[in-house]
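Observations on the model geometry
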Amino acid sequence: MPKNKDVIQPIEANFDDVVAKMVAPQRNLRNEPLRALYSGTFRSVLDFDVDCYVLNDKDKTAVISQQGIQWLFDEKTISTYIGQDVIEKLKHPISFHNELGVVVLGYNAEVLADVCLSIISPMKSNRDSVALQRAFSILRFAAKIGIAEVVYQACKYKKTLK
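All values reported here derive from a predicted model rather than from experimental measurement. (Residues numbered from 1 in each chain as written. Predicted model: local features only at pLDDT ≥ 70, side-chain atom pairs only at ≥ 80, totals over all residues. Heavy atoms only, no water.)

**Digging into the pattern of salt bridges**
Here the structure, examined in full by the defined rule, presents 5 salt bridges. Note that Lys 58 and Asp 59 form a salt bridge whose closest N and O atoms lie 3.3 Å from each other. Taking relative accessible area as the criterion, Asp 59 reaches 46% and is therefore assigned partly exposed. Of the charged contacts, one joins Lys 91 and Glu 88 as a salt bridge, the two residues approaching to 3.3 Å between their closest N and O atoms. Of the residues examined, Glu 88 reaches a relative accessible area of 33% and is grouped as partly exposed. Three or more residues joined by partner-sharing salt bridges are found here, namely Arg 43, Asp 47 and Asp 49. (Salt bridge = Lys/Arg side-chain N within 4 Å of Asp/Glu carboxyl O. Buried < 20%, exposed > 50% of the residue type's maximum accessible area, 1.4 Å probe, protein only.)

What follows is the structure, encoded as structure tokens:
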């Protein structure tokens, strides 16, 4: 414990190690840690790089990385245009392991649709906004196949019917 509580001591570890210690991965129904079965990037289906995953839970949840959401939409955009209901969802990311065993934080892909819709609604008059263009690109594509399907396609995951 530091002597001066107003001073933050340096941490002798990389970012991924710190996150792994602070955020335990969630677990599936068999009490196994959640992990990505498939991964991909929006680059294969849209015009920007955002990591996405399909998890090993019973629903094969489609997930967008937290870093991806932060890259798509900066903090000012989020705080200005996003409603409290969506902010609450963003406060509770899903924790899981990627293929390398690194703990990743992400959101159910449906949260991305909520964020995009929140941004587009009040920004209709500002057609030059980068955030608006990105949100519109995502929704235009997702309207055809569903937001989870965007992730499934990016991850090259084929959902089978039972």
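**What to know about the nonpolar core**
Core analysis: the largest hydrophobic core is formed by 39 residues, its most contacted members being Phe 42, Ile 64, Phe 73, Leu 112, Val 115, Ile 138 and Val 151. Listing elements by their share of this core, those giving two or more residues are strand E2 (51–55), strand E3 (62–65), helix H2 (66–72), helix H4 (84–90), helix H5 (109–120), helix H6 (130–145) and helix H7 (147–154). Each residue touching Val 115, except ones within four places of it in the same chain, is listed here: Phe 73, Ile 78, Ile 82, Val 86 and Leu 90. Judged by nonpolar contacts, the second largest core, of 8 residues, contains Leu 34, Tyr 53, Ile 94 and Val 104. (Core = buried A, V, L, I, M, F, W, Y, C linked by side-chain atoms within 4.5 Å. Helix = DSSP H or I, 4+ residues; strand = E, 2+ residues; numbered from the N terminus. Contact = heavy atoms within 4.5 Å.)

**Some remarks on the packing of aromatic side chains**
Following the criterion strictly, the structure yields 4 aromatic pairs and no others. Between Tyr 38 and Tyr 157 the ring centres are 4.7 Å apart and the planes differ by 50°, which places this aromatic pair in the tilted class. Within this pair, whereas Tyr 38 is found in strand E1 (residues 36–41), its partner Tyr 157 is found in the segment after H7, the two being separated by 119 residues in sequence. For Tyr 157, a relative accessible area of 12% translates into the label buried. Centroid distance Phe 48 to Trp 71: 6.1 Å. Interplanar angle 45°. Geometry classified as tilted. In this pair, Phe 48 is assigned in the loop between E1 and E2 and Trp 71 in helix H2, connecting sequence segments 23 residues apart. Through successive ring pairs, a cluster of aromatic residues spans Tyr 38, Tyr 152 and Tyr 157. (Phe/Tyr/Trp six-rings, centres within 6.5 Å; stacked < 30°, edge-to-face > 60°.)

**Considerations on the packing of H5 against H7**
For the pair H5 and H7, interaxial distance at closest approach is 8 Å and the crossing angle is 125°. Here H5 is positioned oblique relative to H7, judged by the angle of their axes. Regarding H5 and H7, the two cross each other, and that crossing is right-handed. Residue-level contacts link Ala 109, Glu 110, Leu 112 and Ala 113 of H5 to Ile 147, Ala 148 and Val 151 of H7. (Axes fitted to C-alpha atoms, helices over the stretch in contact; angles between N-to-C directions. Parallel < 35°, antiparallel > 145°, perpendicular 65-115°, else oblique. Left-handed = near helix turned anticlockwise from the far one by under 90°.)

**Observations regarding the state of the cysteines**
Summed over the entire model, instances satisfying the criterion amount to 0 disulfides. Left without a disulfide partner, Cys 52 is nearest to the cysteine sulfur of Cys 155, which lies 3.9 Å away. For Cys 52, a relative accessible area of 0% corresponds to the buried category. Here Cys 155 falls in the buried class, since its relative accessible area comes to 5%. (Disulfide = S-S within 2.5 Å.)

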